[in-house]
Amino acid sequence: MVEHDYFAERIKQEKHMEYDVKDINLADKGRLRVEWAMREMPVLKSVAERFAREQPLKGLRVAACLHVTTETAALMMTLKAGGASVHLCASNPLSTQDDAAAYLVKYEGIPTFAIKGEDSDTYYRHIHQALDLKPQVTMDDGADLVFTAHSQRQELLEGILGGTEETTTGVIRLKAMAKDGVLRYPIIAVNDAHTKYLFDNRYGTGQSTIDGLLRATNRLMSGSIFVVSGYGWCGRGVAMRARGMGARVVITEVNPFRALEAVMDGYEVLPMSQAAKIGDIFCTVTGDIRIIREEHFVLMKDGAILCNAGHFNVELDLEALSRISTATRFIREAVQEFTLKNGRHLYVLGEGRLVNLAAAEGHPSCVMDMSFANQSLAVEFIMKNHANFDKKVYAVPSEIDARIARLKLAALGVEIDNLTSEQEKYLASYDLGT
Ligand code: ADE
């Protein structure tokens, strides 16, 4: 028996641990990369240290559906340090870092079900395997875990105290479930914490999207026309960084306030029907469906690059693109060429999935530090307060959010001022005017 199989069998037999990762022999590489990530995660580290002392999650079963990265490994270790048992599966078929998954299994004993490039059946089988833990808390990124529990594993719902949601798309989906009265347990919207969306969504998506684009294409950004669809927190991060690389950035929007902000931030704002004709690179970041469609593809220049940094692979209408193409091939890793009937070529990155995770490593650890400190403290908050919740979507308490900001500032060595008592009184008063 080769060593690879020996390890796999030992882990399964001795720990009776189910898992499904690409190659357990990647664990040592994963170990070094997790160590590297943790250097940039001091806030999460301080939570893990307190959790290890106080055991606030003792006995809690947590099923997590997240991008399986080195940063997620650090989060899983934090939950385990707090006394929780955890099952982890991927929240996207292309985002898994196979070495981080192997590390979690081999060195942390955390049942992990995630393989980069898994097909749709495997993706959902892994979600079911995470749910086999009979979780009391779910941790989701995009709400596929919550939705699967609600639609196919209803026997589990009674035992679930609450859940957390990492991303804008998931929060929108869960709020829609709550509005329709079908959400069966409370959710904490981690995405909406200031220490999450202002940093992870903006600087994280901004940098890692450009990173994915460059790793996939090695194209020069300087002087290119870069079209960003959606001027939410993620979109403005991408636009800001594309401009920093010397691109001429065009924004497409449907929201008049955001469009106006984009104009006053100095970008050109155009409808897609016009942007399609001039763009060299297109990046969708809207969270909505079919942003770039057949009517746009046929207008595009030969060689245009298309990618998506929104949660689901629905923003580029790839069905339509296939329909109007005469040929397709992978020309580089993560770069698919489509030859259109009009003879032009378009290039789609990472199968239209999150380009920052499909073609790069996702957001840098420094911002995931705050996102995942929110996640771990939200789980503790659910554990302590679930009896007082309704079946609704709740914000992260502002004290937790502010504590994370202060810890991050301290870790960065940044000091700030405090209000004097006179200033505090002034802010609470209304009698002093001109
Ligand atoms: N989402 C975006 N980047 C991520 C990362 N590095 N780890 C986990 N989830 C992410």
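Residues numbered from 1 in each chain as written. Predicted model: local features only at pLDDT ≥ 70, side-chain atom pairs only at ≥ 80, totals over all residues. Heavy atoms only, no water.

**Student:** I'm lost on the pattern of salt bridges in this one. Help?
**Tutor:** One side chain can pair with another of opposite charge once the charged atoms of both are near each other. Per the counting criterion, the structure on display carries 22 salt bridges. Across the pair E54 and R50 runs a salt bridge whose closest N-O atoms are separated by 3.0 Å. Taken together, the residues E54 and R50, both in helix α3 (residues 42–54) and four residues apart, mark about one turn of the helix. Under the relative-accessibility criterion, E54 is labelled partly exposed at 48%. With a closest N to O distance of 3.3 Å, K196 and D200 form a salt bridge. Taken as a pair, K196 and D200 lie in helix α9 (residues 194–217) at a separation of four residues, close to a single helical turn. (Salt bridge = Lys/Arg side-chain N within 4 Å of Asp/Glu carboxyl O. Helix = DSSP H or I, 4+ residues; strand = E, 2+ residues; numbered from the N terminus. Buried < 20%, exposed > 50% of the residue type's maximum accessible area, 1.4 Å probe, protein only.)

**Student:** What exactly am I supposed to notice about the packing of aromatic side chains here?
**Tutor:** Describing an aromatic ring pair means giving the distance of the ring centres and the angle of the ring planes. Taken as a whole and judged by the stated rule, the model has seven aromatic pairs. With centroids separated by 5.8 Å and ring planes inclined at 35°, the aromatic side chains of Y103 and Y107 adopt a geometry described as tilted. We classify Y107 as partly exposed; its relative accessible area is 29%. With a centroid separation of 5.8 Å and an interplanar angle of 70°, the aromatic rings of Y231 and Y267 are classed as edge-to-face. With a gap of 36 residues between them, Y231 in the loop between β7 (225–229) and α10 (233–244) and Y267 in the loop between α11 (256–264) and β9 (268–269) connect regions that are remote in the sequence. Of the two residues, Y231 and Y267, both sit in the buried class. Here the aromatic cluster, defined as three or more aromatic residues joined through ring pairs, consists of F381, F389 and Y394. Over the ring of Y107 we find R31, and its NZ or CZ is 4.0 Å from the ring centre. (Phe/Tyr/Trp six-rings, centres within 6.5 Å; stacked < 30°, edge-to-face > 60°. Lys NZ or Arg CZ within 6 Å of the ring centre and 35° of its normal.)

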